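Below are the chains, spelled out letter by letter.
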Amino acid sequence: MIILFLLIMIVLFCFSTIMLFKNKYYGGLALISLIAVCGSLWLIYKNDNDNLGMHLKTDTTKVELDSSYASPIPMIVYKQLGTTQNMSERIYLFKPSVYGTLKKTSQSHFHIKVVDSNKKEKSAKLMTQTRRYEYKNKLCHILFLGSTTNRRQSSTYTFEIPQNWLVVEVKQAKLLPEMIKREQSKVKVKVNAYIKTEVQKKVMQAVKMQAPELVASQLKQAIETNPSLLTNQASYNQEKRIITEKVTSELKVKTMKQVKNNDLPEIKQQGKAYSKQLLIKSLKQELGS
């Protein structure tokens, strides 16, 4: 609207200036049209440079993310543009779950934050805050019709990365399958030791709970068979030790079978989770992230 008004005022100023040579009374019209032209130019300048007639609006969206690339360990990938590890010189490649296609962060007017979440979640999250100038009302919109109506001031990308995810550079992502294969052989030894330890814990817990009652029962039977044990402390202690060792040994064998039949699948599942945790920790150390 203001551009149309400016064109009309320019035409009117030119007309009145030409007519001024024929009739001096056109001087007032020329002055008014000149002021209108200058005023219009000032308003357009203020709108373009200082966003006159506009106000800031913040839009916030939050989406869940899938791994940027198919991998046993989910990841968010970035491309380093500069020679340093400056966050402002990175483009992050991310895949919103709802779209399933790879997208990238903007290269201008943006800030990026990568937040490590303490949670172990299936999906990472991306919160995008976009600050943009919009016209305050319809009058301003109509007045500056023809100017840019939607001006972004800044965007802030906040990636919430769970513990069980990686943040890697594109070049590192290409080497990741080989690194995972190498680290898995080391992790496997630790996981086998973990499973063995957990099985032993289960067995010893069961033995500790059941042994006292069984030892007491068999010791009572031994005293009934040989009452002299009550008057001979050394014989009593020796008999108790023999019974305890026998009961403990038998319980270990019996409980080991029970644990392997009943608890081992759950322990192996825990070992699988522990394996992934160790693998991610090892990869993060190697990648320096």
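That block above? That's the structure.
Residues numbered from 1 in each chain as written. Predicted model: local features only at pLDDT ≥ 70, side-chain atom pairs only at ≥ 80, totals over all residues. Heavy atoms only, no water.

(A) How the structure looks around the packing of aromatic side chains. Here the structure, examined in full by the defined rule, presents four aromatic pairs. On the numbers, 5.5 Å between centres and 40 degrees between planes, the contact of tyrosine 78 with tyrosine 92 is tilted. Of this pair, tyrosine 78 sits in strand β2 (residues 75-80) while tyrosine 92 sits in strand β3 (residues 90-96); the two residues are 14 residues apart in sequence, bridging distant segments of the chain. Neither tyrosine 78 nor tyrosine 92 differs from the other in exposure class; each is buried. With centroids separated by 4.5 Å and ring planes inclined at 25 degrees, the aromatic side chains of tyrosine 194 and tyrosine 274 adopt a geometry described as stacked. In this pair, tyrosine 194 sits in helix α4 (residues 170-225) while tyrosine 274 sits in helix α6 (residues 264-287), placing the two residues 80 residues apart along the sequence. Just above the ring of tyrosine 78 sits the side chain of arginine 90; from NZ or CZ to the centre is 4.0 Å. (Phe/Tyr/Trp six-rings, centres within 6.5 Å; stacked < 30°, edge-to-face > 60°. Helix = DSSP H or I, 4+ residues; strand = E, 2+ residues; numbered from the N terminus. Buried < 20%, exposed > 50% of the residue type's maximum accessible area, 1.4 Å probe, protein only. Lys NZ or Arg CZ within 6 Å of the ring centre and 35° of its normal.)

(B) Highlighting a positive patch on the surface. A cluster of basic side chains, namely Lys79, Lys104, Lys171 and Lys174, defines a positive patch on the protein surface. Look at lysine 171 and you get exposed, because its relative accessible area is 64%. (Patch = residues over 30% accessible without salt bridge, like charges linked within 9 Å, V, L, I, M, F, W, Y side chains within 5 Å. Areas by Shrake-Rupley, 256 points an atom, 1.4 Å probe, with all protein chains shown as cover. Salt bridge = Lys/Arg side-chain N within 4 Å of Asp/Glu carboxyl O. Lys, Arg positive; Asp, Glu negative; His and termini not counted. Charge placed at Lys NZ, Arg CZ, Asp CG, Glu CD.)

(C) Fine view of the packing of α4 against helix α5 (residues 233-262). At a minimum axis separation of 7 Å, α4 and α5 run at an interaxial angle of 140 degrees. The orientation of α4 with respect to α5, classified from their angle, is oblique. As for how α4 packs across α5, the hand of that crossing is right-handed. In terms of residue class, the contact of α4 with α5 is built from 17 nonpolar, six polar and four charged. (Axes fitted to C-alpha atoms, helices over the stretch in contact; angles between N-to-C directions. Parallel < 35°, antiparallel > 145°, perpendicular 65-115°, else oblique. Left-handed = near helix turned anticlockwise from the far one by under 90°. Nonpolar A, V, L, I, M, F, W, Y, C, P; charged D, E, K, R; others polar.)

(D) Layout of the pattern of salt bridges. In the structure shown here, the tally under the stated rule is five salt bridges. Between glutamate 183 and lysine 186 there is a salt bridge, with the nearest N and O atoms lying 3.7 Å from each other. In this pair, glutamate 183 and lysine 186 both sit in helix α4, three residues apart, roughly one turn of the helix. Note that lysine 201 and glutamate 198 form a salt bridge whose closest N and O atoms lie 3.5 Å from each other. Highlighted residues: lysine 201 and glutamate 198, both in helix α4, separated by three residues, approximately one helical turn.

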